[in-house]
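# Per-entry structural report
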Amino acid sequence: MGEDDQYADMLREDVRLLSEANGTSMEEAFFARVTDTITGSGEIDALEYFHHRGTQQSGIRVDGWGGDPRKSKQLTLLVIDHADDPDAPTLTGTELNSQFKRPLRFLKAALDEDWRNRLEETAPGFELADMIAARWSSVKKIRLLLLTDRKLSSRVDGRDMTEFMERPVSYSVWDATRLERIESSTMGREDIIVDLDQHGGALPVLPAHMPESPYKAYLAALPGPVLASIYDRWEARLLEQNVRVFLQARGNVNKGIRKTIEEDPSMFFAYNNGITATAEAVEIEERDGIPMMTRLTNLQIVNGGQTSASIHAALRSGKDLSKTFVQMKLSIVDAEKAEKIVPAISRYANSQNRIAAADFFSNHPFHVRMEEISRRLYAPAKEGNFTQSRWFYERARGQFADRRSRLTPAQRRKFDLEHPRAQLFTKTDLAKAEMTWRGRPELVSLGAQKNFAHFAHTIGKEWEKRDETFSEEWFRNAISKLIVFRKTERIVSDANGSWYTGGLRANTVCYAIAKLVHDVAERGQSLDLHLIWNSQSLPEPLIDILDQYGEAMHAHLLSPPAGGSNPTEWAKKKACVDAAMKTELDFRSDLSDMLIGTAERRQRTAEGRRDQRVVSGIEAQAAVAEIGSAEWVCLRNWVRSSGMRLTHSEDSILEAATRLRLRPLTEAQSIKAIAVMERAQSQGYRSPDAG
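Residues numbered from 1 in each chain as written. Predicted model: local features only at pLDDT ≥ 70, side-chain atom pairs only at ≥ 80, totals over all residues. Heavy atoms only, no water.

Moving on: the overall build of the protein. In terms of regular secondary structure, the protein is built from 29 helices and 18 strands. When burial is assessed residue by residue, the protein has 50% of its 691 residues classed as buried. Here the analysis covers contacts within the protein between residues at least 6 apart in sequence; of these, 73% occur between residues at least 24 apart. (Helix = DSSP H or I, 4+ residues; strand = E, 2+ residues; numbered from the N terminus. Buried < 20%, exposed > 50% of the residue type's maximum accessible area, 1.4 Å probe, protein only. Contact = heavy atoms within 4.5 Å.)

Next up on the list: the packing of aromatic side chains. This structure, assessed with the given rule, holds 19 aromatic pairs. Each ring, one from Phe 366 and one from Phe 470, has its centre 5.3 Å from the other, and the planes form 85°; the classification is edge-to-face. Here Phe 366 is found in helix α14 (residues 365-376), whereas its partner Phe 470 is found in the loop between α19 (448-466) and α20 (472-494), with 104 residues between them in sequence. The exposure classification of Phe 366 matches that of Phe 470, with both residues buried. Here the aromatic rings of Phe 366 and Trp 474 are separated by 5.6 Å at their centres, their planes lie at 85°, and the arrangement is edge-to-face. (Phe/Tyr/Trp six-rings, centres within 6.5 Å; stacked < 30°, edge-to-face > 60°.)

Sheet architecture is open: six strands sit in the order β1-β2-β3-β4-β6-β5, paired in mixed fashion. Each edge of the sheet is formed by a strand with only one pairing partner; in this case those strands are β1 (48-53) and β5 (162-164). Shown here is a sheet whose adjacent strand axes are inclined to one another by a mean of 35°, direction ignored. Pairing between strand β2 (residues 61-66) and strand β3 (residues 74-81): three bridges, direction antiparallel. By the bridge assignment for β3, Gly 66 is matched with Thr 76. Its contacts with the sheet put helix α4 (residues 93-110) on β1, β2, β3, β4 (141-148), β5 and β6 (167-174), and the angle it makes with β4 is roughly 130°. Packed on one face of the sheet, helix α6 (residues 124-135) meets β1, β2 and β3 and runs near 105° to β1. (Pairing = 2+ DSSP bridges. Axes fitted to C-alpha atoms, helices over the stretch in contact; angles between N-to-C directions.)

Those residues of helix α8 (residues 224-234) not exposed but buried are Gly 224, Val 226, Leu 227, Ala 228, Ile 230, Tyr 231 and Trp 234. Looking at the buried residues of α8, the elements they touch are β7 (193-195), β8 (203-207), β9 (216-223), β10 (275-279), α12 (305-316) and β14 (325-332). At the exit of α8 stands Glu 235, carrying a positive phi of roughly 45°.

Time to look at the environment of Trp 391. Within the secondary structure layout, Trp 391 lies in the loop between α14 and β15 (392-394). Distance from Trp 391 to Ala 422, taken between C-alpha atoms, is 8.6 Å for residues 31 residues apart in sequence. Not counting the four nearest positions on each side in its chain, Trp 391 is found in contact with Ser 374, Ala 379, Ala 422, Gln 423, Phe 425, Phe 475, Ile 479, Leu 482, Ile 483, Arg 486, Trp 533 and Gln 536. Reaching out from Trp 391, the side chain makes a polar contact with the side chain of Gln 536 at a distance of 2.8 Å. (Polar contact = N/O pair within 3.5 Å; in protein donor to acceptor, adjacent residues only side chain to side chain.)

Let us now look at the pattern of salt bridges. For the structure on display, the rule yields 41 salt bridges. The shortest N-O distance in the salt bridge between Asp 84 and Arg 16 comes to 3.2 Å. Placement of Asp 84 in the loop between β3 and α4 and of Arg 16 in helix α1 (residues 3-22) is noted, with a sequence separation of 68 residues between them. One connected set of salt bridges, linked through shared partners, spans Glu 372, Arg 376, Glu 472, Glu 473 and Arg 476. (Salt bridge = Lys/Arg side-chain N within 4 Å of Asp/Glu carboxyl O.)

Once that is clear, we can look at the confidence of the model for the protein. Averaged over every residue, the pLDDT of the protein is 84; the share at 70 or more is 89%. This stretch, residues 243-253, has a pLDDT under 50; its non-local contacts, to residues over four places away or in other chains, come to 35 contacts. Within the model, pLDDT remains below 50 along residues 351-360, and this stretch shows 20 contacts once partners closer than five positions in the same chain are excluded. (pLDDT = per-residue confidence, 0-100.)

Along the chain, the position of Ala 313 falls in helix α12. Judged by relative accessible area, which is 23%, Ala 313 ranks as partly exposed. On a C-alpha basis, the gap between Ala 313 and Ala 228 in space is 8.1 Å, while along the polypeptide they are 85 residues apart.

Here we take up unusual backbone geometry. For Asp 84, which is not glycine, the phi dihedral falls at a positive 50°. Residue class for Asp 84 comes out partly exposed when judged on its relative accessible area of 24%. Of note, the phi angle at Asn 298 is positive, near 55°, even though the residue is not glycine. Within the secondary structure, Asn 298 sits in the loop between β12 (290-297) and β13 (300-303). By relative accessible area, which is 14% here, Asn 298 ends up buried.

Right, let's get into the pairing of β6. The element β6 is largely enclosed, with a buried count of seven among its eight residues. As judged from the six bridges shared by β4 and β6, these two strands associate in the parallel manner. Residue pairing in the sheet places Leu 147 in a bridge with Trp 174 of β6. Bridge count for β5 against β6 is three bridges, and the pairing is antiparallel. What sits directly across from Glu 163, in β6, is Pro 168. Taken together, β5 and the strand that follows it, β6, pair antiparallel across an intervening segment of two residues, in which Met 165 is found at a positive phi of about 50°.

For the rest of this paragraph, the subject is the nonpolar core. Formed by 67 residues in total, the largest nonpolar core has its most connected members in Phe 366, Tyr 511, Leu 516, Leu 542 and Leu 591. Here this core gets 10 residues from one element, more than from any other, and that element is α20. Not counting residues up to four positions away in its chain, the partners in contact with Tyr 511 are Pro 441, Glu 442, Ser 445, Met 553, Leu 557, Trp 570, Ala 571, Lys 573, Cys 576, Val 577 and Ala 580. Core analysis: the second largest hydrophobic core is formed by 34 residues, Val 194, Ile 275, Ala 314 and Leu 321 among them. (Core = buried A, V, L, I, M, F, W, Y, C linked by side-chain atoms within 4.5 Å.)

Quick look at the pairing of β9 now. As judged from the three bridges shared by β8 and β9, these two strands associate in the antiparallel manner. Bridged to Pro 207 within β9 is Tyr 218. For β9 and β14, the ladder comprises eight bridges, and the chain directions are antiparallel. Of the residues in β14, the one forming a bridge with Tyr 218 is Leu 330.

We now examine the state of the cysteines. Evaluated as defined, the whole model comprises zero disulfides. In this structure Cys 510 is not part of a disulfide, and its nearest cysteine sulfur, from Cys 576, lies 9.2 Å away. Here Cys 576 falls in the buried class, since its relative accessible area comes to 0%. (Disulfide = S-S within 2.5 Å.)

The contact between α14 and α19 brings their axes to 10 Å, and the two run at 90°. In terms of orientation, α14 lies roughly perpendicular with respect to α19. Seen from α14, the contacting residues are Pro 365, Phe 366, His 367 and Arg 369; seen from α19, they are Phe 452, Phe 455, Ile 459 and Trp 463. Of the residues contributing to the contact of α14 with α19, the split by class is six nonpolar, one polar and one charged. (Parallel < 35°, antiparallel > 145°, perpendicular 65-115°, else oblique. Nonpolar A, V, L, I, M, F, W, Y, C, P; charged D, E, K, R; others polar.)

In structure tokens form, the structure reads like this:
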């Protein structure tokens, strides 16, 4: 079996599993399976599943949309082509044209008031059509996506932009080949290739490195139209290594920057701090003796996101950028080192503002710890089973498939028993369950990527304050929350035809759980997550109450304030959460056996922290020993020559580390020694072995 077949088989297996587990159609399960891949690629922030199919004669169909046209000025519609067939033929250009006509027909119908009025108000198609009609004046561009598990014919190499009602229409296909390429890539992203000839032409640069230096850097003056054009093409993809920028800068227009552009554009270069950027590769050509930058690979703006967004906003609003220039400091960082070095550059470039460690979350130790716990901790066997299994935390995209693919058939069967695909979970899965439990369903409703950014920011700050909180106890509780989340998804789907109308499933799930957690806390209690972990399932009373809360929250979401936003947008507002939490509900089943008091919950957390401190101490001792006395001598000498400040205790521990052969450090000493090593590395220390 070839690698292409392996991926296709895995994709079909994943979709079937999701369909069975959540009680959804195969098409919706396919959407759920690939959405994180697409939004994670940076092409679009969020995608919502909204299925509407007209009569066969009308040819109308749409399966979802993405983004708020009021903010992005862009309307994204998608259609799904799910074959679930290993022998399915490739997707031809003729079929492609037919598929893309369907959402355009829906768009045309959505703008027809008579057609909208004939739809049921509770139908997802009505909500989407109503949103489009209300925001049509904001739409400047239309993007159509086709999601398919088939492969696009090699004869189809693209599709030119067209127009719809004087608005440009672009087309994008996510087929099995593209999905596989993204999921198998190291960073889970398609490369950003910036060909400057497509954005105004090559730029003169000033090298800022010595010829023999292993590090390369350049200075350049970017014309405003060039930066705006690059940002218009890639947008959030340029900011993904800086969570602070990702959360705060996209689309925001700084008033001071805007004023300078409008009133004194020739002074923009003098007044603005410019941007700090990195790239994995750069192409430089000598033209008339002047080095000219022609091409960049994987450009990242690690400081200056608001400047870039404001320049881009000025372009969209028709402002003249011909006299505007932006200074750029560009560092070239190869792909292997990018994940660690780019966040560090971002940290120091932003040093004028205090930024939490969460802002540099791409390689955070929280993930490493969760991954390590998931690889060694067995979950209790489910009732009726004799085999214990693990929950596999996929810290980096494709880890599960990669590890499985390197096994022999016999080893693979054993791996599958110990790591059921149903117990695979990702960073965004963890973020959805955890932020829901923390009472933030409005953030979860923003979509996987935005919610994860908020999760990263929150966890990063807590890690800085007390990293031992994230223990085996925390991990077990997180899995219990995930079990509740996934079971609630199934509960909502199973209610289709009774209280569930077929839309807003994701929002209904997170609001139902958040409301239940809130109401239990109001009684001074908590759900006993140990019971869920030990049984790996939910008891019937809890299932019944989640069904009750799902029904109540679904009705709440379908009733936004008069004259307000539609249900999907209403779910994203804090006011929606506040109103939901005030809704009075009495448990219709007895939960008393499922609840514990606050004191017991705090005691379990404290015990988990104590256990983690022991584990961390043992790990630190092992790390100190592995580093070795010779390396600690090098570090001590570097500290003394560099003037790095140490406390008396730290200095004594560092001196003791140079004599490991005589006496090993204690666990507490080892933790402090590793902390000194990490601080020195952040200030420029490099191991002699690192070269």
